[in-house]
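Inside the fold
As a plain string of letters, each chain reads:
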Amino acid sequence: MNFRIVSALVWRYLFLYTRTPMRLVELVFWPMVDLLVWGYLTLFIQENAGHSLPYPIAYLLGGIVLWDVLFRAQQGVAVSFLEDVWTRNLLNVFVAPVRTSEYVVATFGVGIMRILVTVSMMLLVAFMLYQFNVFTMGWALLPFFLNLLLCGWSLGMISTALILRWGQAAESLAWAVPFFIQPFVAVFYPIGSIKPEWIQYFALAMPPTHVFEGMREVMKTGTFNMHHFFWASVLNVIFLAASAWIFSSTLAATRRRGLLTKFATQ
Amino acid sequence: MPDDPPIVLTAQNLTREFDGVKALDGFSFNLHRGEILGLLGANGAGKTTAMNMLLGLTTPTAGTIQVFGKELQQHRVEVLSRMNFSSAYTSLPGNLRVWQNLRVFARIYGVPEPKKRIAELLDLLEIGYLHDRVTGQLSAGESTRVNLCKALLNKPDLLLLDEPTASLDPDIADKVRKFVRRMQKEHNIAILYTSHNMRDIEEVCDRVIFLHKGRVVAEGTPEEIVNRSEQASLEDVFIKIARSGEVEE
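The following refers to the structure shown.

Criteria and cut-off values
- Residues numbered from 1 in each chain as written.
- Chains lettered and ligands numbered in written order.
- Predicted model: local features only at pLDDT ≥ 70, side-chain atom pairs only at ≥ 80, totals over all residues.
- Heavy atoms only, no water.
- Helix = DSSP H or I, 4+ residues; strand = E, 2+ residues; numbered from the N terminus.
- Rg over C-alpha atoms; globule rule 2.2 N^0.38 Å.
- Buried < 20%, exposed > 50% of the residue type's maximum accessible area, 1.4 Å probe, protein only.
- Contact = heavy atoms within 4.5 Å.
- Areas by Shrake-Rupley, 256 points an atom, 1.4 Å probe, with all protein chains shown as cover.
- Lys, Arg positive; Asp, Glu negative; His and termini not counted.
- Charge placed at Lys NZ, Arg CZ, Asp CG, Glu CD.
- Buried area = accessible area lost by both parts, 1.4 Å probe.
- Salt bridge = Lys/Arg side-chain N within 4 Å of Asp/Glu carboxyl O.
- Polar contact = N/O pair within 3.5 Å; in protein donor to acceptor, adjacent residues only side chain to side chain.
- Nonpolar A, V, L, I, M, F, W, Y, C, P; charged D, E, K, R; others polar.
- Phe/Tyr/Trp six-rings, centres within 6.5 Å; stacked < 30°, edge-to-face > 60°.
- Lys NZ or Arg CZ within 6 Å of the ring centre and 35° of its normal.
- Pairing = 2+ DSSP bridges.
- Axes fitted to C-alpha atoms, helices over the stretch in contact; angles between N-to-C directions.

Here's the deal with the overall build of chain A
Within chain A one finds eleven helices and zero strands. Sequence-ordered secondary structure for chain A, helices as α and strands as β, is α-α-α-α-α-α-α-α-α-α-α. In terms of C-alpha radius of gyration, chain A reaches 19 Å, essentially the compact-globule figure of 18 Å for 266 residues. The dimensions of chain A, computed from C-alpha atoms along their principal axes, are 60 × 40 × 30 Å. Burial analysis of chain A (266 residues in total) assigns 55% to the buried set. Partitioning the contacts of chain A with sequence separation of at least 6, the portion at a separation of at least 24 is 77%. Here chain A displays about 11700 Å² of accessible surface, and carbon together with sulfur accounts for 73% of that area. Side-chain charges in chain A split into 16 positive and 11 negative, and the spacing between the mean points of these groups amounts to 14 Å.

In structure tokens form, the structure reads like this:
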């Protein structure tokens, strides 16, 4: 791993973002819309349901903010790859002395930067409008954040592999893949609400489910559940290894089938 | 021959099949240091497939590629750091400024004193005025020369140029040809050059290989091939090969 090359690739994305203010729409606008719409809806429900719904605003806003950590990490990988496709620069990168691992690590770095921008904005607005302070979760926030970051990277590599496999026509998968799992990973509701019950086994096999369950437990009882943390971490290691394998074998297959250049110049 | 310059690139029996159809069939050649080798053929002859395999973008079905005496597949990163590539069909990110694109690639290739090297190359190509311009707003000629700048950043020992004069006006195409020749003479770079423009080939290439349906059908200097085929020009040879697959009457 050559960090000079990784930093050069990260640099390129930084140049790209600073040169294209419209990218802010994606980084700031849509997350803000989510935060405002769901935040106001929850306030309305809370006012009308009185105390029968405990912690709804905190659950929902916590879910929105932490989901965005996963989503931005996934986007960092998948959309960075698409940026190279859209600018017809992919070939220049693949014929340069860049290892696949260096390319992927650079997109991980871009994911972290995207998260910092989006989540900081969301936290600020959530605090100002709803007095929601995510930092009341204390140090528990760090393992939640890291686990969602890892899961986002895994989903990013899987999205990129799918785009490599099916070509540019499948580029909408870069946005869709995280939402394939969103209904089943208990982002906004407890796992017990997922029906039929057998889907809960599937949900428990997903790392984010443990993060969101853990988040709600911290908010409700102030206790950090080590069981959920353990399973989120173990599953993430498995997911990360599997998605890295899927990505590298898809890339190798794309080279074998001679599709990389068609893909890069279409 | 003992006086031959060292071999930079060796392709042996390169074969590539797509769905049972051979795009390249037993293609072998050597490229020596300081030599410009033209790869010619009609559309579908196998030039692009060969180029892609030489760049490590496509895996050969059979055959081997050695660059600087090393297997390309096994020493990809090491080999690519001493090579570079420019094509009329790729571009640098259009929303970045020219200097930003070049700085990124200078860093990828580990170019010492990148600012100085970029300024030097832009001046050599007479495009110093493009330094701060947005890449996507350049003309075809300017864009080609910026791509050439990128391709020369790392002072490559082997340069692959895929139709570098495609869509250029005669004046700029002439400048590009002269520049390629100058680079080869001054820095002894080995260059593999593809083009559909026979004037390019006659002016630039020391030796050419004609491909037809994935196989080599003629090889030699442009003059040798024209004489052997009893055609009036290299362009006529090209047309004859494209239509009949044969060089000689």
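Now that the structure is up, let's keep going.
Observations regarding the interface of chain B and chain A
Each partner contributes residues to the interface: chain B has 33 residues there, and chain A has 30 residues. Taking both partners together, chain B and chain A bury about 3100 Å²; carbon and sulfur atoms supply 59% of that area. When residues of chain B are sorted by the area they lose upon contact with chain A, Leu57(B), Arg107(B) and Ile108(B) head the list and together hold 22% of the total. Our count for the contact surface shared by chain B and chain A stands at zero salt bridges. Taken together, the connections running from chain B to chain A amount to twelve residue pairs in polar contact (both at pLDDT 80 or more). For the side of chain B that touches chain A, the elements supplying multiple residues, two or more each, are strand 1 (7-18), helix 2 (76-80) and helix 3 (98-108) of chain B. Per-element tally for the side of chain B that touches chain A: the top contributor is helix 3 of chain B, with seven residues. Its residues assigned to classes, the side of chain B that touches chain A comprises 16 nonpolar, eleven polar and six charged.

Some details on the packing of aromatic side chains
Two descriptors summarise a pair of aromatic rings, namely the distance from one centre to the other and the angle between the planes of the rings. The tally for this structure, following the rule as stated, stands at 15 aromatic pairs over all chains. Residues Phe94(A) and Tyr103(A) carry aromatic rings whose centres are separated by 5.9 Å and whose planes lie at 35 degrees to one another, so their mutual orientation is tilted. For Phe94(A), a relative accessible area of 8% translates into the label buried. Here Tyr103(A) falls in the buried class, since its relative accessible area comes to 5%. Ring centres of Phe230(A) and Trp231(A) lie 5.4 Å apart, and the angle between their planes is 80 degrees; this geometry places the pair in the edge-to-face category. Classification of Phe230(A) as partly exposed rests on a relative accessible area of 47%. Residue Trp231(A) is classed as partly exposed on the basis of its relative accessible area of 36%. Taken together, the ring pairs connect Trp11(A), Phe15(A) and Trp99(B) into an aromatic cluster. One residue, Arg107(B), lies across the ring of Trp11(A), its end atom 5.5 Å from the ring centre. One residue, Lys150(B), lies across the ring of Phe105(B), its end atom 5.6 Å from the ring centre.

Side note on the environment of Asp132(B)
All names here are of chain B. One can find Asp-132 in the loop between helix 4 (114-124) and helix 5 (140-152). The sequence separation of Asp-132 and Gln-100 amounts to 32 residues, and the corresponding C-alpha distance is 8.5 Å. Excluding anything up to four places from it in sequence, Asp-132 contacts Arg-97 and Trp-99. A distance of 2.9 Å separates the side chain of Asp-132 from the side chain of His-131, its partner in a polar contact.

Examining the sheet that holds strand 4 (residues 62-67) of chain B
Residues and elements named next belong to chain B. Strand order in this open sheet of four strands is 2-1-4-5, and the pairing throughout is antiparallel. On the outer flanks of this sheet lie strand 2 (21-32) and strand 5 (70-71), each paired with one strand and no other. Where helix 1 (residues 47-54) meets the sheet, it contacts strand 1, strand 2 and strand 4, and its direction lies at approximately 120 degrees from that of strand 1.

Digging into the pattern of salt bridges
For the structure on display, the rule yields 21 salt bridges over all chains. Where Arg12(A) meets Asp84(A), a salt bridge forms, and the shortest distance between an N and an O atom there is 2.2 Å. A residue pair is termed long-range when its members are at least 10 positions apart, and Arg12(A) in helix 1 (residues 3-19) and Asp84(A) in helix 3 (residues 56-86) qualify at 72 residues. Asp84(A) carries the same exposure label as Arg12(A), and that label is buried. The partner of Glu203(B) in a salt bridge is Arg199(B), with the nearest N and O atoms 3.0 Å apart. With Glu203(B) and Arg199(B) both in helix 7 (residues 198-204), this residue pair falls four residues apart, about one helical turn. Residues joined by salt bridges that share partners form a network here, namely Asp174(B), Arg177(B), Lys178(B), Arg199(B), Asp200(B) and Glu203(B).

Remarks on the sheet that holds strand 9 (residues 207-212) of chain B
In any sheet, the strands associate via hydrogen bonds between backbone groups, in a parallel or an antiparallel arrangement. Residues and elements named next belong to chain B. Here we have six strands laid out as an open sheet, ordered 6-7-8-3-9-10, and mixed in their pairing. Lying at the two open borders of the sheet, with one neighbouring strand each, are strand 6 (83-87) and strand 10 (215-220). Strand after strand, the sheet turns through a mean of 15 degrees between neighbouring axes, direction not considered. As paired elements, strand 7 (residues 158-162) and strand 8 (residues 190-194) share five bridges and run parallel to each other. The partner of Leu-160 across the bridge, within strand 8, is Leu-192. Packing against the sheet, helix 5 makes contact with strand 6 and strand 7, and its axis sits at approximately 170 degrees to strand 6. Helix-sheet contacts for helix 6 (residues 170-187) involve strand 3 (36-40), strand 7 and strand 8, and the interaxial angle to strand 8 is about 155 degrees.

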